[in-house]
Amino acid sequence: MHLEKRILITGGAGFLGSHLCDRLLAAGGDLVCVDNFFTGAKRNIAHLIGDKRFELVRHDVTFPLYVEVDEIYNFACPASPVHYQHDPVQTTKTSVHGAINMLGLAKRLRARILQASTSEVYGDPTVHPQREDYWGHVNPIGPRSCYDEGKRCAETLFFDYWRQTQLRIKVARIFNTYGPRMHPNDGRVVSNFIVQALLGRDITIYGDGGQTRSFCYVDDLVDGIVRLMGTADDVTGPVNIGNPAEFTIRELAEIVIGLVGSKSKIVSRPLPADDPRQRQPDISLARKMLDWTPHTPLEEGLVRTIAYFEALLKDEGVRAAIGGEI
């Protein structure tokens, strides 16, 4: 595939956004990477600085942005509980005001726009696995709702713009994704377990560790996202993109300890409020509409992710920043 398009990626210096930048730049696109660096990191896109087809703009999407592009990937939003609960009002603003600003830009330019939504729109699901026609089971006033409801409202806005103005929209519901460039202090289970194991600390699980998650390697996820953007205009989504292979949190902890060769012990903490007991995507629609399925086995992806964190933890500044927080 070869692109000759000018593409805007909001949240482009984040974990997912930076991998998307790599993929689209390699395909020949001209990129405008926008990030306010709340959770994004310059190290994630440092290797792209200087490329004549890559432009970095420091900007907060809660304020309007005026650029000329053909496509927009809206990935701007803190995506881990540690980060999105740090400033929950700003998290909601990022999802809602950010969507309004990017949709307004897309409307003016008649550009195609993709929303990075989330499996969190399903909340603590009563249907398993989760299909796109399931409306979810979300607490609208809980500590996670700034993210859950912000993303749900963003989906509402996308589909209202589509119905009202015939805007060319795509909505991807992203399930748990992992890989190199995850933030070491984001509180997500994969990065937590790897950092704890590498540092020889106890591995903390919540409850009995019997809750399940489905982990998709970042390269597979990005492939699904790009395929969705490339579909015909009548394909709007939402489309689940994730790996349907389901693991308990305790299983994940044991796999990480084994791969690292760590002497870490598994210890239990109380379950956080509104923590989903089950999370597994039904990807039938992605298989049918995108001809997409993930290919990276969990252990293979974890080996690559562990190698990234091993290198990262050699940085004294990173180790100091992690401190006692993990």
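Structure: above.
What you see as residue numbers is a count from 1 along each chain, following the sequence as written. At least 70 in pLDDT is required for a residue's local features to be given in this predicted model, at least 80 for side-chain atom pairs to be given and counted, and no such filter applies to totals for whole chains, interfaces and linings, which use all residues. To get the side-chain values, take all heavy atoms of the structure and skip hydrogens and water.

Chemist: Just to check I follow, could you spell out the packing of aromatic side chains for this structure?
Modeler: Aromatic ring pairs are defined here through the distance separating the ring centres and the angle between the ring planes. Classification of ring pairs uses Phe, Tyr and Trp, with its six-membered ring standing for Trp, and accepts pairs whose centres are within 6.5 Å; under 30 degrees between planes counts as stacked, over 60 as edge-to-face, and the remaining range as tilted. Following the criterion strictly, the structure yields 5 aromatic pairs and no others. Ring centres 5.3 Å apart and planes at 75° place the aromatic pair Tyr-308 and Phe-309 in the edge-to-face group. Each member of the aromatic cluster is reached from another via a ring pair, and the members are Tyr-122, Tyr-134 and Phe-175. Charges are assigned to positions over rings by a cutoff of 6 Å between ring centre and Lys NZ or Arg CZ, combined with an angular limit of 35 degrees from the ring normal. Taking the ring centre of Phe-37 as reference, the NZ or CZ of Lys-42 above it sits at 5.6 Å.

Chemist: So what exactly am I meant to see when it comes to the nonpolar core here?
Modeler: Grouping buried Ala, Val, Leu, Ile, Met, Phe, Trp, Tyr and Cys residues that are joined through side-chain atoms within 4.5 Å yields what is termed a nonpolar core. Note on classification: 1.4 Å probe, protein chains only; a residue is buried when its accessible area is under 20% of the maximum for its type, exposed when over 50%, partly exposed between these limits. In terms of nonpolar packing, the biggest core is built from 60 residues, with Tyr-73 and Ile-225 touching the most fellow members. A helix here means a DSSP run of H or I that spans at least four residues, while a strand means a run of E at least two residues long, and both kinds are numbered starting from the N terminus. Among the elements that make up this core, the one with the highest residue count is helix α7 (residues 218-229) (7 residues). Any pair of residues with heavy atoms lying within 4.5 Å of one another is described as a contacting pair. Apart from the residues within four sequence positions on either side, Tyr-73 is in contact with Ile-7, Leu-8, Ile-9, Thr-10, Leu-20, Leu-24, Leu-114, Ile-225, Val-226 and Met-229. In this structure, Val-32, Ile-72, Ala-106 and Val-171 belong to the second largest nonpolar core, which totals 25 residues.

Chemist: Can you help me understand the environment of Pro-281 in this one?
Modeler: Structurally, Pro-281 is set in the loop between β13 (266-269) and α9 (284-290). On the accessibility criterion, Pro-281 (2% relative accessible area) is buried. Separated by 11 residues in sequence, Pro-281 and Pro-270 have C-alpha atoms that sit 26 Å apart. Those residues in contact with Pro-281 that lie beyond four places of it in its chain are Pro-129, Gln-130, Phe-175, Ser-214, Asn-240, Gly-242, Asn-243 and Pro-244.

Chemist: Where do I start with helix α8 (residues 249-260) in this structure?
Modeler: At 3.6 residues per turn, the α-helix brings residues three or four places apart onto the same side. If you check α8, its first and last C-alpha atoms are 17 Å apart, about what 12 residues at 1.5 Å a residue would give, namely 16 Å. For α8, the set of buried residues is Ile-249, Leu-252, Ala-253, Ile-255, Val-256 and Ile-257. In the core, the buried residues of α8 are packed alongside α6 (189-198), β8 (203-206), β9 (212-214), β12 (246-248), β13 and α10 (298-312). Just downstream of α8 lies Gly-261, where phi reads positive at about 75°. By this rule the span expected of a helix is its residue count minus one, scaled by 1.5 Å.

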